[in-house]
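Residues per chain, in single letters:
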Amino acid sequence: MPANLPPQYYEAERRYRLVKTNQERLAILKEMWAIMPKHKGTDKLQADLKAKISRLKREMQKKTQVGKSTYSHHIAREGAAQVVLLGPSNVGKSQILASLTDASPQVAPYPFTTRDTVVGMMKFENINIQLVDTPPITREYMEPWLSEIIRETDLVLLTADLGRDSLLEDIEAVVRKLEESKIKLVAREPEVKVTQEMRYKRAIVGANKRDLPNANKRLKTLKDVYSDKFPIYSLSATSRAGLDHLKEKIYKALNIIRVYTKSPGKGADRSEPIILKKGSRVIDAARAIHKDFANKLRYARMWGSGKFEGQKVQKDHPLEDGDILEFHI
Ligand SMILES: Nc1nc2c(ncn2[C@@H]2O[C@H](COP(=O)(O)OP(=O)(O)OP(=O)(O)O)[C@@H](O)[C@H]2O)c(=O)[nH]1
Ligand SMILES: [Mg+2]
């Protein structure tokens, strides 16, 4: 007996290949299970799906157990990209996380409030970016486990305090401390790496508390010294001034693009972009959907940055943020 699966099943299967987290995968597998007609023709598929669901559940359980016991600072990556908030104590890192996401980290007027990472999801247009709040870094101390998290992240938001006269020394202390851990914050990764062991990590500076007296004067001092090293954006996490601008700059600094797929004769689904590195090509978008799919790809039609709408493009055609692709295999 043929399986005769409804189109919703294939649609769910397509989404399954696109999502990044186990939670999302599990939800879609359950959805596929609900959609699948239960008859003799789908016996084998039913068994496969059941096995997949229980395998995934086991894996997720194992991860939580590991997280609790031995590797407590592990962060499960979610969303289109990840940004780590770093900086001296009391500069407002946790307040920035609280203002940009739904997370509720502890915010307090005294130093060394945050002792562990706290994550939150920042919505930017149609994507989510994961923000990670961290304990402070000072001349004297940096949590040793922090360097691994910084090495793995996509971008650092280095936070400065415009309410404090010591802002330059405080930021310098963070930069030095990271270099001791073989992490160099840079505006752009160098093409030629000076040393192999040094990890270059892209960073932007968020100059917080611009609502405080003399903040403008201190912002100028900060820019005089650091603007040739990092892009600097001022904000006030408490009054929310500059937050939208910062969000946009975070997205830009991540160096990612969003592309969308469509089927012939249909519109594109803008709620589920494929996230790619800037500079990616048509073939990379196909590969992000599935390896086999990329192998079978003959050409694509493109809407957006092409010469004209619906232009036929080859596999190596470069992509821009917002392009829509219709794959032909
Ligand atoms: N005036 C003003 N105060 C702010 C702003 N952002 C944060 N604060 C205050 O600064 C203090 C420290 O904020 P936190 O978010 O706890 O700072 P933190 O950098 O996370 O501090 P640690 O966890 O100790 O590293 C709190 O009293 C906040 O209310 C701001 O934009 N303007
Ligand atoms: Mg904090």
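Here's what I pulled together on the structure shown here. (Residues numbered from 1 in each chain as written. Chains lettered and ligands numbered in written order. Predicted model: local features only at pLDDT ≥ 70, side-chain atom pairs only at ≥ 80, totals over all residues. Heavy atoms only, no water.)

### Thoughts on the packing of helix 1 (residues 7-18) against helix 2 (residues 22-35)
The geometry of helix 1 relative to helix 2 is characterised by a closest axis approach of 9 Å and an angle of 165° between their N-to-C directions. When the axis of helix 1 is compared with that of helix 2, the two are roughly antiparallel. In terms of crossing hand, the pair formed by helix 1 and helix 2 is left-handed. Contacts from Q8, Y9, A12, E13, R15 and Y16 of helix 1 reach helix 2 at R25, I28, L29, E31, M32 and I35. Each residue belonging to the contact of helix 1 with helix 2 can be placed in one class, and the counts come to 7 nonpolar, 1 polar and 4 charged. (Axes fitted to C-alpha atoms, helices over the stretch in contact; angles between N-to-C directions. Helix = DSSP H or I, 4+ residues; strand = E, 2+ residues; numbered from the N terminus. Parallel < 35°, antiparallel > 145°, perpendicular 65-115°, else oblique. Left-handed = near helix turned anticlockwise from the far one by under 90°. Contact = heavy atoms within 4.5 Å. Nonpolar A, V, L, I, M, F, W, Y, C, P; charged D, E, K, R; others polar.)

### Observations regarding the pattern of salt bridges
Going through the model one piece at a time under the given rule, you end up with 22 salt bridges. Of the charged contacts, one joins R14 and E272 as a salt bridge, the two residues approaching to 4.0 Å between their closest N and O atoms. Within this pair, whereas R14 is found in helix 1, its partner E272 is found in the loop between strand 8 (256-261) and strand 9 (274-277), the two being separated by 258 residues in sequence. Since its relative accessible area comes to 27%, E272 is described here as partly exposed. K184 is the partner of E179 in a salt bridge, and the nearest nitrogen-oxygen pair spans 3.2 Å. Residue classification places E179 among the partly exposed positions, given a relative accessible area of 21%. (Salt bridge = Lys/Arg side-chain N within 4 Å of Asp/Glu carboxyl O. Buried < 20%, exposed > 50% of the residue type's maximum accessible area, 1.4 Å probe, protein only.)

### A short note on the sheet that holds strand 8
Spatially, 9-8-12-10-11 is the arrangement adopted by the 5 strands of the open sheet, whose pairing is mixed. What marks the edges here is a single partner per strand, and that holds for strand 9 and strand 11 (311-313). Neighbouring strand axes in the sheet, compared pairwise and without regard to direction, differ in orientation by 40° on average. Here 5 bridges tie strand 10 (residues 299-303) to strand 12 (residues 324-328), and the two strands are oriented antiparallel to one another. From the neighbouring strand, A300 faces strand 12, where its bridge partner is F327. (Pairing = 2+ DSSP bridges.)

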